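Structural description and commentary
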Amino acid sequence: MRISQHVRRAAAAGAVAIAVTVAAQPAVASPARPGPSFNGSVHVIAFRGDTVYVGGAFTRMTIEGRTVTRNHLAAYSGRTGELLDWAPSADDTVRALAVVPGWVYAGGDFDEVNGVRRDSIAQIDAGTGATGEFNRRVEGSVRALAVRHGRLYAGTISKAGAHVAVFPLADEGGRAPGRFASYG
């Protein structure tokens, strides 16, 4: 039975129909603060405290009306929106980030970070942006990074297929201990 038939029957029986409408409430109570804009794609965003780390295919970002060079990696304050000095430079697209205390791990299509040879995966100082000692070779491009139980997991893709490489995380001096495992 249709609703209109119910309404007709209720009216014929002397029932009173009441329609109630509710005004839609906005999903966000306060207006969004404008964030930075980039001259290329943003592929990944990662957070540590108030810091927002961004990776992608961009070479410049505009924030608070100011345009600055940021080669595939950038950081800004999530609390204030202020541009941070963190400005490591990758020579190609960054597609994945993982952040741990003191370090940002970046993965993607790059061969160098800050002019230092790194094969699609790099360790970057979270404060200074300097390239860390972690230097591992992976097959293909890194598309995903995750950290769990003292290990860095890297999802890669190449002509040979998709794989997961597992690396022990760096010690406090930035050195990467031990060997790694690869699954695929």
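Everything below is about the structure printed above this text.
Summarised in this report is the structure supplied together with it. (Residues numbered from 1 in each chain as written. Predicted model: local features only at pLDDT ≥ 70, side-chain atom pairs only at ≥ 80, totals over all residues. Heavy atoms only, no water.)

1. Considerations on the overall build of the protein chain
Along the protein chain, the regular secondary structure elements total one helix and 15 strands. Sorting the 184 residues of the protein chain into buried and exposed places 37% on the buried side. A separation threshold of at least 6 residues defines the contact pool for the protein chain, and within that pool the share at least 24 residues apart is 30%. On the protein chain, roughly 10900 Å² of surface is accessible, and the fraction owed to carbon and sulfur atoms is 51%. (Helix = DSSP H or I, 4+ residues; strand = E, 2+ residues; numbered from the N terminus. Buried < 20%, exposed > 50% of the residue type's maximum accessible area, 1.4 Å probe, protein only. Contact = heavy atoms within 4.5 Å. Areas by Shrake-Rupley, 256 points an atom, 1.4 Å probe, with all protein chains shown as cover.)

2. A few points about the side chain of Gln-123
Structurally, the position occupied by Gln-123 is in strand E11 (residues 121–125). Of note is the side chain of Gln-123, whose polar atom sits 3.1 Å from the backbone nitrogen of Phe-134. (Polar contact = N/O pair within 3.5 Å; in protein donor to acceptor, adjacent residues only side chain to side chain.)

3. Re the nonpolar core
Membership of the largest hydrophobic core comes to 17 residues, with the highest contact counts inside it found for Tyr-53, Leu-73, Val-94 and Leu-97. Elements with a minimum of two residues in this core: strand E2 (42–48), strand E6 (73–77), strand E7 (94–100), strand E8 (103–108) and E11. Of the residues forming this core, the biggest block, three residues, is contributed by E7. In contact with Leu-97, other than residues within four places in its own chain, are Val-44, Ala-46, Tyr-53, Val-54, Gly-55, Leu-73, Val-104, Tyr-105, Ala-106 and Leu-145. (Core = buried A, V, L, I, M, F, W, Y, C linked by side-chain atoms within 4.5 Å.)

4. Side note on the pattern of salt bridges
A side chain of one charge can pair with a side chain of the opposite charge when the charged atoms of the two come close. Summed over the entire model, instances satisfying the criterion amount to four salt bridges. A salt bridge links Asp-109 to Arg-95; the nearest nitrogen and oxygen atoms lie 2.8 Å apart. Here Asp-109, found in the loop between E8 and strand E9 (112–113), pairs with Arg-95, found in strand E7; they are 14 residues apart in sequence, far enough to count as distant. Owing to a relative accessible area of 24%, Asp-109 belongs among the partly exposed residues under this scheme. Arg-95 gets classed as partly exposed once you look at its relative accessible area, which sits at 22%. The shortest N-O distance in the salt bridge between Arg-117 and Asp-111 comes to 3.6 Å. (Salt bridge = Lys/Arg side-chain N within 4 Å of Asp/Glu carboxyl O.)

5. Structural notes on the sheet that holds strand E4 (residues 60–63)
Taken in spatial order, the three strands of this open sheet run E1-E4-E5, and their pairing is antiparallel. Two strands close off the open sheet at either side, each with one partner strand: strand E1 (37–38) and strand E5 (66–69). Direction of pairing for E4 relative to E5: antiparallel, over a ladder of four bridges. Bridge pairing links Thr-62 to Thr-67 in E5. (Pairing = 2+ DSSP bridges.)

6. Some points on the packing of aromatic side chains
Counted by the stated rule, this structure contains four aromatic pairs. Ring centres of Tyr-105 and Phe-134 lie 5.4 Å apart, and the angle between their planes is 80°; on these two criteria the pair is classed as edge-to-face. Note that Tyr-105 is positioned in strand E8 and Phe-134 in the loop between E11 and strand E12 (141–148), a separation of 29 residues in sequence. The burial state of Tyr-105 is the same as that of Phe-134; both residues are buried. Taken together, the aromatic side chains of Tyr-105, Phe-134 and Phe-167 make up a single cluster linked through ring pairs. (Phe/Tyr/Trp six-rings, centres within 6.5 Å; stacked < 30°, edge-to-face > 60°.)

7. Some words on the environment of Asp-119
On the secondary structure map, Asp-119 appears in the loop between strand E10 (116–117) and E11. For the pair Asp-119 and Val-138, spaced 19 residues apart in sequence, the C-alpha to C-alpha distance is 6.6 Å. Beyond its immediate stretch of four places on either side in the chain, Asp-119 contacts Phe-110, Asp-111, Arg-136, Arg-137 and Val-138. Separated by 3.1 Å, the side chains of Asp-119 and Arg-137 make a polar contact.

Keep in mind these values describe shape, not function.
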